[in-house]
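# Structure at a glance
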Amino acid sequence: MNEFSENKNFDISNQKVTESCPSNIALIKYWGKYENQIPANPSISYTLNLCKTNTEMEFIADEEFSVQTFLAGKEELKFAEKIEKYFRNIEKYLPWILKGKYIIKTENTFPHSSGIASSASGFGAIAKCLMDLDRIFSGQIDADFSLKKASFLARLGSGSACRSLYDGMVVWGETKKVTGSSDLFAVRYPNEDVHNVFRNFNDWVLLIHEGEKSVSSTVGHGLMNTNPYAERRFQEAHENFALLKDILKNGDMTAFIRLVEHEALTLHAMMMMSEPAFILMKTGTLAVINKIWDFRKETNLPLFFTLDAGANVHLLFPSDKDESKIQEFIIKELVQHTQNNGIVKDVMRF
Ligand code: DP6
């Protein structure tokens, strides 16, 4: 039992709700978890502005529980199975959830195969729809609590999804460095503690490899259980939070770049040190990283990268007077390493 368990009265009826939720990109990474989706270390991300999932959820009351899902108009049986399991798992938090039939239609504003975390925006949007229904059925409206509970529920679908419920910079996982932070849901990192240089940023994603990853995030997290470097990594994430807090406050771009790239490389180093080992970076990923480093050495311009659990490279750079020089370089030198000239341009502005 916790504050999200429910025993209030509810009155179900046929409903259709729609919600939209963005994706996010972590700066300090979540990699490793315990039972019930408890993260092994705190993480912090930027919520994106343009890469989103739009979801329509139709609830037909008093029919036998079942879930039908459509992605961009196409029926997805595997996804429906996953959602069905997820709904059964969260019944104690939404006691009405198994008392009807669902038709869920979702679409992403970014290419499905892009490797941009569609599970984050996808589960974020589903959790928001569920909380819309909960408000309708229970008649209780507390917007702040609803958002917090949506983050809690999204986490149970996919860990990183809980950070997508808030704008700006978002923290998930308990850390002494962020007041109110929790392993159960995400919280906003206070805007006033983020220097202006970090509040108007680009994230251009180079689609180095489209299609299925060889190892899923869930399997990757699991392999941290036997990784001999795991404990050190979890501790380092805490140390990096302390460093990042100062960096965000004082606007130290050089230190920010160092920390963010180190986090990305550590994530992939952990994969290589897993048993069995796996590598999700591709030749193009390494070529792009080396070109970024050369470019920075030559120009001193703040172009840097982060990676999630895949081959694609997130190119990060501030939106300021130098951004056109960086953009030119990306188009001329980096896009050639993508599979199909694939690039998704997003921004963080808060
Ligand atoms: C590398 O949230 O996809 O993107 O909780 O098993 O669904 P599950 O994993 P997921 O893991 C994403 C990890 C990451 C880093 C991050 O987003 O913090």
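A brief report on the enclosed structure follows. If you're wondering where the values come from, they're calculated on a predicted model, not measured in any experiment. (Residues numbered from 1 in each chain as written. Predicted model: local features only at pLDDT ≥ 70, side-chain atom pairs only at ≥ 80, totals over all residues. Heavy atoms only, no water.)

### What about the environment of Glu107?
Take Glu107: it is sitting in strand S7 (residues 100-108). On the basis of relative accessibility, which here comes to 46%, the residue Glu107 falls in the partly exposed class. For the pair Glu107 and Phe70, spaced 37 residues apart in sequence, the C-alpha to C-alpha distance is 8.3 Å. Once residues lying within four places of it in the same chain are set aside, the contact partners of Glu107 are Lys52, Thr53, Asn54, Leu71 and Ala72. (Helix = DSSP H or I, 4+ residues; strand = E, 2+ residues; numbered from the N terminus. Buried < 20%, exposed > 50% of the residue type's maximum accessible area, 1.4 Å probe, protein only. Contact = heavy atoms within 4.5 Å.)

### Focus: the sheet that holds strand S12 (residues 313-318)
Pairing between sheet strands relies on hydrogen bonds along the backbone, with the strands arranged either parallel or antiparallel. Judged by pairing direction, the sheet is antiparallel, and its four strands sit side by side in the order S11-S12-S10-S13 without closing on themselves. Strand pairing shows two members of the sheet lacking a second neighbour, strand S11 (304-306) and strand S13 (343-349), which therefore form its edges. Averaged over neighbouring strand pairs, the angle between their axes works out to 30 degrees when direction is ignored. Judged from the seven bridges that link them, strand S10 (residues 200-206) and S13 form a sheet pairing that is antiparallel. Residue pairing in the sheet places Val205 in a bridge with Val344 of S13. With respect to the sheet, helix H6 (residues 253-272) is in contact with S10, S11 and S12, its orientation differing from that of S11 by roughly 35 degrees. Across the sheet, helix H8 (residues 323-334) touches S10, S12 and S13, and the angle it forms with S12 is around 160 degrees. (Pairing = 2+ DSSP bridges. Axes fitted to C-alpha atoms, helices over the stretch in contact; angles between N-to-C directions.)

### A few points about the site of the ligand
Around the ligand there are 17 residues in total, and Tyr30, Ser158, Gly159, Ser160 and Arg163 lie nearest to it. One of the side-chain N or O atoms of Thr218 is found 3.2 Å from an oxygen atom in the ligand. The contact in question runs from an oxygen atom of the ligand to an N or O atom on the side chain of His221, over 3.0 Å. Here the ligand loses 91% of its free accessible area of 460 Å² to cover by the protein chains. A per-element tally of the shell around the ligand places helix H4 (residues 217-223) first, with three residues. Residues of the shell around the ligand, tallied by class, amount to five nonpolar, eight polar and four charged. (Near = heavy atom within 4 Å. Polar contact = N/O pair within 3.5 Å; in protein donor to acceptor, adjacent residues only side chain to side chain. Areas by Shrake-Rupley, 256 points an atom, 1.4 Å probe, with all protein chains shown as cover. Nonpolar A, V, L, I, M, F, W, Y, C, P; charged D, E, K, R; others polar.)

### Remarks on the packing of helix H5 (residues 230-250) against H6
Following both chains from N to C, one finds H5 and H6 inclined at 165 degrees, their axes separated by 10 Å at the closest point. The orientation of H5 with respect to H6, classified from their angle, is roughly antiparallel. Relative to H6, H5 is oriented so that their crossing is left-handed. Residues Arg233, Glu236, Ala237, Asn240, Leu243, Leu244, Ile247 and Leu248 of H5 form the contact with H6, whose participating residues are Ala255, Phe256, Arg258, Leu259, His262, Glu263, Thr266 and Met270. Tallied by class, residues from the contact of H5 with H6 come to nine nonpolar, three polar and four charged. (Parallel < 35°, antiparallel > 145°, perpendicular 65-115°, else oblique. Left-handed = near helix turned anticlockwise from the far one by under 90°.)

### Considerations on the packing of helix H2 (residues 118-138) against helix H3 (residues 143-157)
At a minimum axis distance of 8 Å, the contact between H2 and H3 shows a crossing angle of 135 degrees. In terms of orientation, H2 lies oblique with respect to H3. When the axes of H2 and H3 are compared, the crossing they make is right-handed. Only Ser146, Lys149, Ala150, Leu153, Ala154 and Gly157 of H3 make contact with H2, whose side of the interface consists of Phe123, Gly124, Ala127, Lys128, Met131 and Arg135. The class makeup of the residues in the contact of H2 with H3 is six nonpolar, three polar and three charged.

### What to know about the state of the cysteines
A full pass over the atoms with the stated rule returns zero disulfides. Between Cys51, a cysteine without a disulfide, and Cys21, which holds the nearest cysteine sulfur, the sulfur-to-sulfur distance is 12 Å. Here Cys51 falls in the buried class, since its relative accessible area comes to 2%. (Disulfide = S-S within 2.5 Å.)

### A few points about the pattern of salt bridges
Applying the stated criterion across every chain, the model contains 13 salt bridges. Between Arg233 and Glu236 there is a salt bridge; the shortest N-O distance is 3.9 Å. Within this pair, Arg233 and its partner Glu236 are both found in helix H5, separated by three residues, close to a single helical turn. As far as burial versus exposure is concerned, Arg233 and Glu236 are alike and both buried. One continuous salt-bridge network, built from bridges that share partners, spans Arg233, Glu236 and Glu263. (Salt bridge = Lys/Arg side-chain N within 4 Å of Asp/Glu carboxyl O.)

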